[in-house]
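A closer look at the structure
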Amino acid sequence: MNELFMNAYHRLPVVFREGQGAWLTDIDGKRYLDFTAGVAVNCLGHGHPELVEAISRQAASLIHTSNYFMSDIAIDFAQRLIKACAPAGMKKVFLANSGAEANEGACKLARKYSLKKYGEGRHRIVTLQGSFHGRTITTLAATGQDKFHKDFGPFTEGFTHIPGGDEAALERALDPSVCGLLLEFIQGESGIVPQPPGFIKKAAKLCAERDILFMADEVQSGVGRTGTFLACEGYGVQPDIVSLAKGLAGGIPVGAVMAGEKAAHVFEMGDHGSTFGGNALAAAAGLAVLRIVDTPAFLNEIRRKGEKCASIITSWKHKQVKEVRARGLMLGIDIDTTSWPVLESALSRGLLLLCAGPNTLRLLPPYIISDEEIEQGLEILKGVLDGIKQPQ
Ligand SMILES: *Cc1c(COP(=O)(O)O)cnc(C)c1O
């Protein structure tokens, strides 16, 4: 494999051939319970019949038209998506292919909004330390983690990182040079870190007063992951822009920049585009996901399953577990040891886990996971943690 693929990221030593529900099977026939869902992407698990049906039917009928021509299925998807995001005040959508591309679109939208209204010099975008917004040069500039800020400069100019939860720093940073505030309400990559509600309320208020666009990066937390369609609903605020991707089409690449009233009419003819963005195949998959996920009963189940996971883990009172943070089926577990060996050990026992930082495990099970599978997976995790030798 190493002679085929660039050595760009950590990969666990396994090769998968197929998946069904919450299970994956490797090339030797060994089965694994999947608590990663392809990093919050396979939200309906593997081989979900309605998703497979929608993709197969669409593939046979029309796959792609480009931005020059609309497809009927993309219209249906956009309508359904705007409806799902209506509680957050979203009015229009731009379809892209990934989280980074959606965030790029969001940043362009904020800069153009400000330029049209106030002219040059108001282009800065404030983000949070510990954030993750993507791997392109601009979204790396937005990402507030130093480990990403080497080797690839110069980065896009105009990003400021402030500590999450720090209202005074926020108030200072949102000065007259700023057009947008971009943040994850619940930071994913850096350890499932929810922002305090007071901080979010303050951010929404300051942005409204200063006419700064409030942008929620819901690439990981959106599409039901936290038990509401968008995580921002749980905070009772309406952002101006929401970016989505990961779970939105259950595994087919798609991203979305959603805009509320302020930002919905900013882009003009020729301002933005994306060859693959929102093609018919992705739209069909996205529509199938929304029809299943965006119902009160289904979202309630995500919340219930997430609470079940958290209460089981807490009930262990395990000496390795320092803290559990759960929002729906988005869980972070701070452990008293390095996370990567835990992932490897879990893999060998048939459980797939993620980490988020050096000492945090990240659980992102598919929404369709059953109660028995939750119990089974967590039992394996407990066994792995039991097997860790205490540091001397
Ligand atoms: C994964 C992620 C991204 C990047 O998405 P890609 O599809 O990998 O470009 C951006 N923001 C957040 C919060 C993410 O979790």
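Source: prediction; values computed, not measured.

Cut-offs used in this document
- Residues numbered from 1 in each chain as written.
- Predicted model: local features only at pLDDT ≥ 70, side-chain atom pairs only at ≥ 80, totals over all residues.
- Heavy atoms only, no water.
- Helix = DSSP H or I, 4+ residues; strand = E, 2+ residues; numbered from the N terminus.
- Rg over C-alpha atoms; globule rule 2.2 N^0.38 Å.
- Buried < 20%, exposed > 50% of the residue type's maximum accessible area, 1.4 Å probe, protein only.
- Contact = heavy atoms within 4.5 Å.
- Lys, Arg positive; Asp, Glu negative; His and termini not counted.
- Charge placed at Lys NZ, Arg CZ, Asp CG, Glu CD.
- Axes fitted to C-alpha atoms, helices over the stretch in contact; angles between N-to-C directions.
- Left-handed = near helix turned anticlockwise from the far one by under 90°.
- Nonpolar A, V, L, I, M, F, W, Y, C, P; charged D, E, K, R; others polar.
- Expected span 1.5 Å × (residues − 1).
- Near = heavy atom within 4 Å.
- Polar contact = N/O pair within 3.5 Å; in protein donor to acceptor, adjacent residues only side chain to side chain.
- Areas by Shrake-Rupley, 256 points an atom, 1.4 Å probe, with all protein chains shown as cover.
- 1 Å grid on protein atoms, 1.4 Å probe; cavity = no way out; pocket = protein on both sides within 12 Å on 5 of 7 lines; lining within 4 Å.
- Points joined across faces, edges and corners; volume = space filled by probe spheres on them.
- Phe/Tyr/Trp six-rings, centres within 6.5 Å; stacked < 30°, edge-to-face > 60°.
- Lys NZ or Arg CZ within 6 Å of the ring centre and 35° of its normal.
- Pairing = 2+ DSSP bridges.

Observations concerning the overall build of the protein
When helices and strands are tallied, the protein shows 11 helices and 17 strands. At 21 Å, the protein has a C-alpha radius of gyration in line with the 21 Å of a compact globule built from 392 residues. Counting only C-alpha atoms, the protein reaches 60 × 55 × 45 Å along its principal axes. For the protein, the proportion of its 392 residues judged to be buried stands at 55%. Counting contacts in the protein only where the partners sit at least 6 residues apart, residues at least 24 apart contribute 73% of the total. A gap of 2 Å separates the mean positions of the 41 positive and 43 negative side-chain charges of the protein.

Some points on the packing of helix α3 (residues 72–84) against helix α8 (residues 280–293)
Viewed as axis vectors pointing N to C, α3 and α8 meet at an angle of 35 degrees, and their least axial separation amounts to 8 Å. For α3 against α8, the interelement crossing comes out left-handed. Only Ala 280, Ala 283, Ala 284, Gly 286, Leu 287 and Leu 290 of α8 make contact with α3, whose side of the interface consists of Ile 73, Ala 74, Asp 76, Phe 77, Arg 80 and Leu 81. Each residue belonging to the contact of α3 with α8 can be placed in one class, and the counts come to nine nonpolar, one polar and two charged.

Here we look at unusual backbone geometry
In this structure, Pro 154 follows Gly 153 across a cis peptide bond, with omega equal to 0 degrees. Notably, Ser 66 is not glycine yet its phi reads approximately 80 degrees, a positive angle. Mapped onto the fold, Ser 66 is located in the loop between α2 (49–61) and α3.

Notes on helix α9 (residues 296–316)
For α9, with 21 residues, the first-to-last C-alpha span of 31 Å sits near the 30 Å given by 1.5 Å per residue. Inspection of α9 places Phe 298, Leu 299, Ile 302, Lys 305, Gly 306, Lys 308, Cys 309, Ala 310, Ile 313 and Trp 316 among the buried residues, and these make up the whole buried set. Contact partners of the buried residues in α9: α8, β13 (321–327), β14 (330–335), β17 (360–363) and α11 (371–386).

What to know about α3
Between its terminal C-alpha atoms α3 stretches 19 Å, which fits the 18 Å expected from 13 residues at 1.5 Å a residue. Within the span of α3, buried status applies to Ile 73, Ala 74, Phe 77, Ala 78, Arg 80, Leu 81 and Ala 84. Tucked inside the fold, the buried residues of α3 contact α2, β4 (90–96), β11 (241–244), β12 (255–260) and α8.

Quick look at the site of the ligand
Around the ligand lies a shell formed by Ser 98, Gly 99, Ala 100, Asn 103, Phe 132, His 133, Gly 134, Glu 184, Asp 217, Val 219, Gln 220 and Lys 246. For the ligand, an oxygen atom lies 2.8 Å from a polar atom in the backbone of Gly 99. Note that a nitrogen atom of the ligand is positioned 2.8 Å from one of the side-chain N or O atoms of Asp 217. Computed on the free molecule, the ligand has an accessible area of 380 Å², of which 81% lies beneath the protein chains in the complex. Its residues assigned to classes, the shell around the ligand comprises three nonpolar, six polar and three charged.

Some thoughts on the layout of surface pockets
Looking at the second largest pocket, its volume works out to about 800 Å³. The wall of the second largest pocket is formed by 30 residues, among which Asn 67, Met 70, Val 93, Phe 94 and Leu 95 lie closest to the centre. Elements with a minimum of two residues in the lining of the second largest pocket: α3, β4 and β12. Take the lining of the second largest pocket: its biggest share by element is four residues, from β4.

Notes on the packing of aromatic side chains
Going through the model one piece at a time under the given rule, you end up with six aromatic pairs. Ring centres of Phe 185 and Phe 214 lie 5.8 Å apart, and the angle between their planes is 25 degrees; on these two criteria the pair is classed as stacked. You can see Phe 185 sitting in the loop between β7 (178–183) and β8 (186–187) and its partner Phe 214 sitting in strand β10 (residues 213–217), a full 29 residues away along the chain. With respect to class, Phe 185 is no different from Phe 214; both count as buried. Centroid distance Phe 298 to Tyr 367: 6.2 Å. Interplanar angle 65 degrees. Geometry classified as edge-to-face. Within this pair, whereas Phe 298 is found in helix α9, its partner Tyr 367 is found in the loop between β17 and α11, the two being separated by 69 residues in sequence. We classify Phe 298 as buried; its relative accessible area is 18%. Connected via pairs of aromatic rings, a cluster forms that spans Phe 185, Phe 214 and Tyr 235. Taking the ring centre of Trp 23 as reference, the NZ or CZ of Arg 31 above it sits at 4.4 Å.

Considering the pairing of β17
Where a strand is regular, its side chains alternate between the two sheet faces. Burial along β17 is two-sided: Thr 360 and Arg 362 facing one way and Leu 361 and Leu 363 facing the other are all buried. Pairing of β14 with β17, which is carried by four bridges, proceeds in the antiparallel orientation. Pairing of Asp 334 across the sheet is with Thr 360, part of β17. In the sheet, strand β16 (residues 354–355) pairs with β17 via two bridges, with the strands oriented antiparallel. Residue pairing in the sheet places Cys 355 in a bridge with Leu 361 of β17. Linking β16 to β17, which pair antiparallel, is a turn of four residues; within it Gly 357 sits at a positive phi near 90 degrees.

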